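# Breakdown of the fold
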Amino acid sequence: MIETYFWPVAILAVFIVALAKSGLLGSIGVVGVPLLTLVMPAREAAGMMLPVLLVMDAIGLVAYRREIDRRNLLILLPGAMVGIGVGWLFFSMVTEQMVLLGVGIITLLFILDAVFPIRSKISGIKPSRPWGVFWGGIAGFTSFVSHTGGPPYQVYVLPQRLTPSVYAGTTAWFFAIVNTTKLVPYYFLGQLSVANLERALLLAPVAVAGMALGIYLVRRISIQLFYRLAYGLVFLLALKLIYDGVTGIFLA
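Residues numbered from 1 in each chain as written. Predicted model: local features only at pLDDT ≥ 70, side-chain atom pairs only at ≥ 80, totals over all residues. Heavy atoms only, no water.

### Focus on the overall build of the protein
If you tally the helices and strands in the protein, you get eleven helices and zero strands. Shown N-terminal to C-terminal, the secondary structure of the protein runs as helices and strands in the order α-α-α-α-α-α-α-α-α-α-α. Counting all 252 residues of the protein, 52% fall into the buried class. Roughly 11,500 Å² of accessible area belongs to the protein as shown, and the carbon and sulfur atoms make up 73% of that amount. (Helix = DSSP H or I, 4+ residues; strand = E, 2+ residues; numbered from the N terminus. Buried < 20%, exposed > 50% of the residue type's maximum accessible area, 1.4 Å probe, protein only. Areas by Shrake-Rupley, 256 points an atom, 1.4 Å probe, with all protein chains shown as cover.)

### Re the packing of helix H8 (residues 150–157) against helix H9 (residues 164–188)
Packing of H8 against H9 leaves a shortest axis separation of 12 Å and a crossing angle of 135°. Taken together, the axis directions place H8 and H9 in an arrangement best described as oblique. Two packed elements cross with a definite hand, and for H8 against H9 that hand is right-handed. For the pair formed by H8 and H9, the contact residues are Gly150, Tyr153, Gln154 and Val157 on the first element and Tyr167, Thr170, Thr171, Phe174 and Phe175 on the second. Of the residues that constitute the contact of H8 with H9, the class distribution is five nonpolar, four polar and no charged. (Axes fitted to C-alpha atoms, helices over the stretch in contact; angles between N-to-C directions. Parallel < 35°, antiparallel > 145°, perpendicular 65-115°, else oblique. Left-handed = near helix turned anticlockwise from the far one by under 90°. Contact = heavy atoms within 4.5 Å. Nonpolar A, V, L, I, M, F, W, Y, C, P; charged D, E, K, R; others polar.)

### A closer look at the environment of Ala204
Summarising the element assignment, Ala204 is placed in helix H10 (residues 194–218). On a C-alpha basis, the gap between Ala204 and Phe15 in space is 9.9 Å, while along the polypeptide they are 189 residues apart.

### Quick notes on unusual backbone geometry
Positioned with a positive phi, Arg161 is a non-glycine residue whose angle comes to about 50°. Topologically, Arg161 is positioned in the loop between H8 and H9.

### A look at the nonpolar core
Note that soluble globular proteins tend to have their nonpolar side chains buried in a common cluster. Counting residues in hydrophobic clusters, the biggest one holds 27 residues, and the most contacted among them are Tyr153, Val157 and Phe174. Only helix H3 (42–63), helix H4 (70–89), helix H7 (129–146), H8 and H9 provide two or more residues apiece to this core. By residue number, the principal contributor to this core is H4, which donates six residues. In contact with Val157, not counting residues within four places along its chain, are Leu76, Leu162 and Tyr167. Of all hydrophobic cores here, the second largest spans 26 residues; its members include Ala10, Val14, Ala207 and Val218. (Core = buried A, V, L, I, M, F, W, Y, C linked by side-chain atoms within 4.5 Å.)

### Describing the environment of Leu197
Counting through the fold element by element, Leu197 comes out in helix H10. Accessibility expressed as a relative area gives 41% for Leu197, which makes it partly exposed. A sequence separation of 145 residues divides Leu197 from Val52, and the C-alpha atoms of the two residues are 8.9 Å apart. Beyond its immediate sequence surroundings of up to four residues, Leu197 is in contact with Pro51 and Leu192.

### Quick word on H3
Its 22 residues place the ends of H3 31 Å apart at the C-alpha level, agreeing with the 32 Å of an ideal helix rising 1.5 Å per residue. The largest bend in H3 is about 30°, located at Leu50, with the proline Pro51 one to four residues further on. Turning to H3, its buried residues are Ala45, Ala46, Gly47, Met48, Met49, Leu50, Pro51, Val52, Leu53, Met56, Asp57 and Gly60. (Expected span 1.5 Å × (residues − 1). Bend = angle between axes of the 7 residues up to and from the residue.)

### Re H7
Taking 1.5 Å of rise per residue, 18 residues should cover 26 Å, and H7 covers 25 Å from first to last C-alpha, within 8% of that figure. Those residues of H7 that sit buried are Gly132, Trp135, Gly136, Gly137, Ala139, Gly140, Thr142, Ser143, Phe144, Val145 and Ser146. After H7 finishes, the residue His147 shows a positive phi value of roughly 55°.

### Focus on the packing of aromatic side chains
A ring pair, where both rings are aromatic, is described by two values, the distance of the centres and the angle of the planes. Summed over the entire model, instances satisfying the criterion amount to twelve aromatic pairs. Arranged with centres 6.4 Å apart and planes meeting at 50°, the rings of Tyr153 and Tyr167 form a pair that is tilted. Of this pair, Tyr153 sits in helix H8 while Tyr167 sits in helix H9; the two residues are 14 residues apart in sequence, bridging distant segments of the chain. Summarising the burial analysis for this pair, Tyr153 and Tyr167 share the class buried. Members of the aromatic cluster, connected to one another through ring pairs, are Tyr153, Tyr167, Phe174 and Phe175. Sitting above the plane of the Phe6 ring, Arg199 keeps its charged end 4.7 Å from the centroid. (Phe/Tyr/Trp six-rings, centres within 6.5 Å; stacked < 30°, edge-to-face > 60°. Lys NZ or Arg CZ within 6 Å of the ring centre and 35° of its normal.)

### Things to note about the pattern of salt bridges
Counted under the stated rule, the structure contains one salt bridge. Between Glu44 and Arg199 there is a salt bridge, with the nearest N and O atoms lying 3.0 Å from each other. On the criterion of sequence distance, the pair formed by Glu44 in helix H3 and Arg199 in helix H10 is long-range, its members being 155 residues apart. (Salt bridge = Lys/Arg side-chain N within 4 Å of Asp/Glu carboxyl O.)

Right, here's the structure in full:
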């Protein structure tokens, strides 16, 4: 029965992730692995998604090659490399459900904070190195475990209110470097199986189509609408992550 629904679910998951990777739907792309867990084991799903994510990253790098906030990258990436290392070290001890619950709580607090008046006073703040290294580390760790690095990354980047295209370009570069770095530990952990690579190859056209549509829309959407959409979707995502984490830990 699960095999019957594998391809429809996989295509939907990849298309949603591609729209998010284009910069259109923010962190909603982290639903990719949770969706795939309906039809395959979680860690196998993470392994299959990595090559597909790299295809999306390559498209993003080309599309936004001139629209990058380099200061943000220089602040976020060192922390992300440490986070990936920690994720590799504790991979066998940390469950996906733990990560989903933690990311969900952090994201919900971020959104609640965004609705208070103080947020308007610090909107557009310049990147802070210690704060960015911290959130880069959390993003690297959660990205390694279950490709859920988007919400921690957004906690740091969204309040800066970059233009949609610069936000998308910076995001594309950050996760391209993070995902490329993950190839080595994923290989040694046995998550890049031949079956996973074959499935990823078949899903690559879906990734290309989703990225193309998202990039087209990002360049034509207003900044105000973009951020309303991003915050709204991230709020819904936070609730979903918390639900998945709690049910996975306490009702398993």
